[in-house]
Amino acid sequence: MTGAPWSTGVGRLPDGALAVAGVDVRDLVAEHGTPAYVLDEADFRMRAHAYRTAFEAAFGAVGAGVDVYYAGKALLTVAVARWAREEGLRVDTASSGELAVALRAEVPGAEIGLHGNNKSDAEILRALDAGVGRIIVDSLVEIERVARLAGERGVVAPVMVRVTTGVHAGGHEYIATAHEDQKFGLSVNAADGAESPAMAALLEVLKHPELRLLGIHSHIGSQILDPDGFEAAARVVLRLRADLSERSGVLVDEVDLGGGYGIAYLPGDVALDPERVAKDIAQSVSGVCQELGTSLPRFSIEPGRAIVGPAGLTLYTVGTVKPVTVSADDGADFTRTYVSVDGGMSDNIRPALYGAAYHAEIVGRSSAAETVLARVVGKHCESGDIVVHEVQLPADVRAGDLLAVAATGAYGRSMASNYNMLPRPPVLAVSDGASRVLVRRETEDDLLGLDQG
Ligand code: LLP
């Protein structure tokens, strides 16, 4: 097998071509064309299982229960939601559309959470009608809104309050700031002498008979490779829980620590290890609750990328190859080989949006050629349309070659667009030597079908 950042089912065949879960990528391409997203089902299931069992074991060892919600924003299709559920995960949604997919997959409402900093009345009603297990409220206005709508429906809405702890993480470090300048959540930090927005919101929820306060939610960032941030945020949330108990006599039962577990994108990257991180967080929260003299709540987490990111790859066909002479900062010239593929920023916006780094290989054949410094670019009409900024590819890379980009399972298809009227690629699942279409390729008819002339 080939190893990270490829999914566990990826390997090279004797003639050098790539296979995923026993399926030759050339066969996939012959049947489905390119570009195409390919999901290694067993890899997805393995990671879902690994996160659930690691957290259950570590939190169980300190006497706390835990639920793992798969964050559907990373990639949600009906089959993917089913896989998550079959592996014992719940599903976290962030819009009515994501909720619709989870419901179509027959995920029970009670196992679904609904997020969003600006949920519409229609979204809230849909969630209430589906009997979702939790609505994560994000503002005082929303607390009133959910209470009113629950009242209209004659139900009691289970809610968590999303708070901001000042802890931000992503990449290798975390930072903590008192007053955060961002749209999500309610701050645990008070302006001088005032009550914190988080405490005010929790107390407000308790006043409404149409609302049942489940607990407190915190999400600190994404692609986090240092678990210290989770522990720092958990400490702040648990202290808030203890303060609320003192203020109101209510010790809430649940604490959600959000998602953000980092993965390998490049060869040599080291992903967060679920067992290690689960143990670290479990031991830390157990110690904090002892210090505070409170019992442990039930915990939950919401990994998205860590479950589906490494399971996915994208297949492209190389169209043009162009050596470009580039002047370096030190005045020396060097050649960069621009390799254009048949997709780009419409199927993976992450390099353009975040400067995200990816790894690519030629996968339809082997090559004994030397490698050259290459940049894989798309077919869109802007120079920022980069798929892989920097990668060594064989010098004989040429039109017709198949190229695969690793670890595109998360936030690829889910953030795809139709820029330049490109139809979005299909999502193919491979497992045990067979493939199937989870989401079909869009056609020009799909695109024109929306246009009312
Ligand atoms: N829970 C909440 C409340 C979130 O906001 C997110 C991600 C997650 C869970 C899942 O985070 P994950 O485990 O996947 O890191 N588009 C960006 C990532 C945005 C993440 C937004 N929230 C990217 O492509 O890197």
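Just so it is clear, the model here is predicted, and its values are computed rather than measured.

A. Representation of the overall build of the protein within the structure. When you go through the protein residue by residue, the secondary structure sums to 12 helices and 24 strands. Whereas a compact globule of 453 residues would reach a radius of gyration of roughly 22 Å, the protein reaches 24 Å, a difference of no more than 12%. Judged by the C-alpha coordinates and their principal axes, the protein covers about 70 × 55 × 40 Å. The buried share of the protein, taken over its 453 residues, is 54%. Sequence-distant contacts, at least 24 apart, represent 69% of the contacts inside the protein between residues at least 6 apart. Of the roughly 18,600 Å² that the protein leaves accessible, carbon and sulfur atoms contribute 49%. On the protein, the mean spot of the 40 positive side-chain charges and the mean spot of the 61 negative ones are 3 Å from each other.

B. Up close: the site of the ligand. As a structural note, the neighbourhood of the ligand is formed by 18 residues, with Ser222, Glu302, Arg350, Tyr354 and Tyr411 the closest of them. One nitrogen or oxygen atom from the main chain of Gly260 is found 2.8 Å from an oxygen atom belonging to the ligand. At a separation of 2.9 Å, an oxygen atom of the ligand approaches a polar backbone atom of Gly304. The fraction of the free accessible surface of the ligand (580 Å²) that becomes covered by protein chains is 87%.

Reading guide: rules and limits
- Residue numbers run consecutively from 1 along every chain, following the written order of its sequence.
- With pLDDT at 70 or above as the cut-off, local features in this predicted model cover only qualifying residues; side-chain atom pairs require 80 or more to be listed or tallied, and sums for whole chains, interfaces and linings still use all residues.
- Excluded from the side-chain calculation are hydrogens and water; included are all heavy atoms of the structure.
- Each helix is a run of DSSP H or I of at least 4 residues and each strand a run of E of at least 2, with the numbering of both proceeding from the N terminus.
- Put simply, the radius of gyration uses C-alpha atoms, and a globule should come to 2.2 Å times the residue count raised to 0.38.
- A 1.4 Å probe rolled over the protein chains alone gives each residue an accessible area, and that area as a share of the maximum for its type sets the label: buried under 20%, exposed over 50%, partly exposed in between.
- Contacts are assigned to residue pairs that have any heavy atoms within 4.5 Å of one another.
- Using the Shrake-Rupley algorithm and a 1.4 Å probe, accessible areas are obtained, with residue cover drawn only from the displayed protein chains.
- Under this rule, positive means Lys or Arg and negative means Asp or Glu; His and the chain ends count for nothing.
- By convention, the charge on Lys lies at NZ, on Arg at CZ, on Asp at CG and on Glu at CD.
- We call a residue near a molecule or strand whenever a single non-hydrogen atom of that residue lies within 4 Å of it.
- For this analysis, a polar contact is any N or O atom pair within 3.5 Å, provided that within protein one partner can donate a hydrogen and the other can accept it, and provided that sequence-adjacent residues contribute only side-chain to side-chain pairs.

Any functional reading would require information beyond the geometric quantities listed.
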